[in-house]
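Chain by chain, the residues run as shown.
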Amino acid sequence: MLAVVAVLGPARPAAADPARPGNVRSAVTSVDPPGPLRAHIVGGDAFLQLTVEPGHEAVVLDYTGGDYLRFAPDGEVLENRSSPAWILNRTRYATDDPGEIDPGAAAAWHRVASGGEYAWHDHRVHWMSPTTAPDTAWSVTLRVDGRPASITGRYGPVDAPPAWPWWLAVAGTAAVAALA
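Basis of the calculations
- Residues numbered from 1 in each chain as written.
- Predicted model: local features only at pLDDT ≥ 70, side-chain atom pairs only at ≥ 80, totals over all residues.
- Heavy atoms only, no water.
- Pairing = 2+ DSSP bridges.
- Helix = DSSP H or I, 4+ residues; strand = E, 2+ residues; numbered from the N terminus.
- Axes fitted to C-alpha atoms, helices over the stretch in contact; angles between N-to-C directions.
- Buried < 20%, exposed > 50% of the residue type's maximum accessible area, 1.4 Å probe, protein only.
- Contact = heavy atoms within 4.5 Å.
- Polar contact = N/O pair within 3.5 Å; in protein donor to acceptor, adjacent residues only side chain to side chain.
- pLDDT = per-residue confidence, 0-100.

### Looking at the sheet that holds strand β3 (residues 47–52)
Stage number 1. What the three strands build is an open sheet, ordered β2-β3-β8; its pairing is antiparallel. Each end of this open sheet is capped by a strand with a single partner; those strands are β2 (37–42) and β8 (117–120). Neighbour-to-neighbour, the strand axes of this sheet turn through a mean angle of 20 degrees, independent of strand direction.
Stage number 2. Strand direction decides the pairing type here: β3 and β8, joined by four bridges, are antiparallel. From the neighbouring strand, Q49 faces β8, where its bridge partner is A119.

### Looking at the environment of Y63
Stage number 1. Here Y63 is to be found in the loop between β4 (58–61) and β5 (67–71).
Stage number 2. According to the relative accessible area criterion, Y63 is partly exposed, its value standing at 32%.
Stage number 3. Between the C-alpha atom of Y63 and that of L88, which follows or precedes it by 25 residues, the distance is 9.8 Å.
Stage number 4. Not counting residues up to four positions away in its chain, the partners in contact with Y63 are A85, L88, N89, H121, D122, H123 and R124.
Stage number 5. Only 2.4 Å separates the side chain of Y63 from the side chain of N89, close enough to count as a polar contact.
Stage number 6. In terms of polar contacts, Y63 uses its side chain to reach the backbone amide nitrogen of H123, at 3.0 Å.

### Overview of the confidence of the model for the protein
Stage number 1. Looking at the protein, pLDDT values average 84 and 86% of them are 70 or higher.
Stage number 2. This model gives residues 1–16 a pLDDT under 50, and the stretch forms seven contacts once residues within four places in sequence are excluded.

Structural data, given as structure tokens:
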């Protein structure tokens with residue numbers, strides 16, 4: 001039991017707010033420049049996952065234009081804990097208060113991944129309300145090898161699944177029970 005607590009205890013904040021079934025889906029529609037970057041949505045609309053090819057540097061900008069994530073040329077991924085996004089991205093609806101974090105402070109980089117790939121909860125790529133989402137375009141800005149870059153996409157409502165398969169299953173079960 002102690003081993004389980006030791007492994008699960010230090011889980012990142014994102015682990016406390018996992019992807020759940022929902023009525024909104026998000027998708028990446030373009031990555032500019034496409035060469036060294038690959039991006040997609042994980043968990044319907046919960047996380048943006050970015051992969052940066054070795055030898056390239058990518059810096060994801062936060063909601064105020066400051067540096068938030070750094071993908072180093074050697075594949076190391078660093079998170080700036082001086083960025084308000086570090087606090088805001090812990091929960092789906094940004095309910096944690098960034099409080100004393102000064103977005104103008106020097107970067108406080110902490111290693112969060114290796115291999116040039118990382119998924120994070122980014123509020124630009126999902127609807128920030130439990131109500132039905134409108135069809136909406138989104139954009140995440142970054143720098144790749146010192147040049148401006150972007151990841152763009154769309155999110156919107158997903159139709160509820162049809163009810164007829166459930167009713168068919170109920171009718172079939174009732175028929176089998178009646179015959180028995």
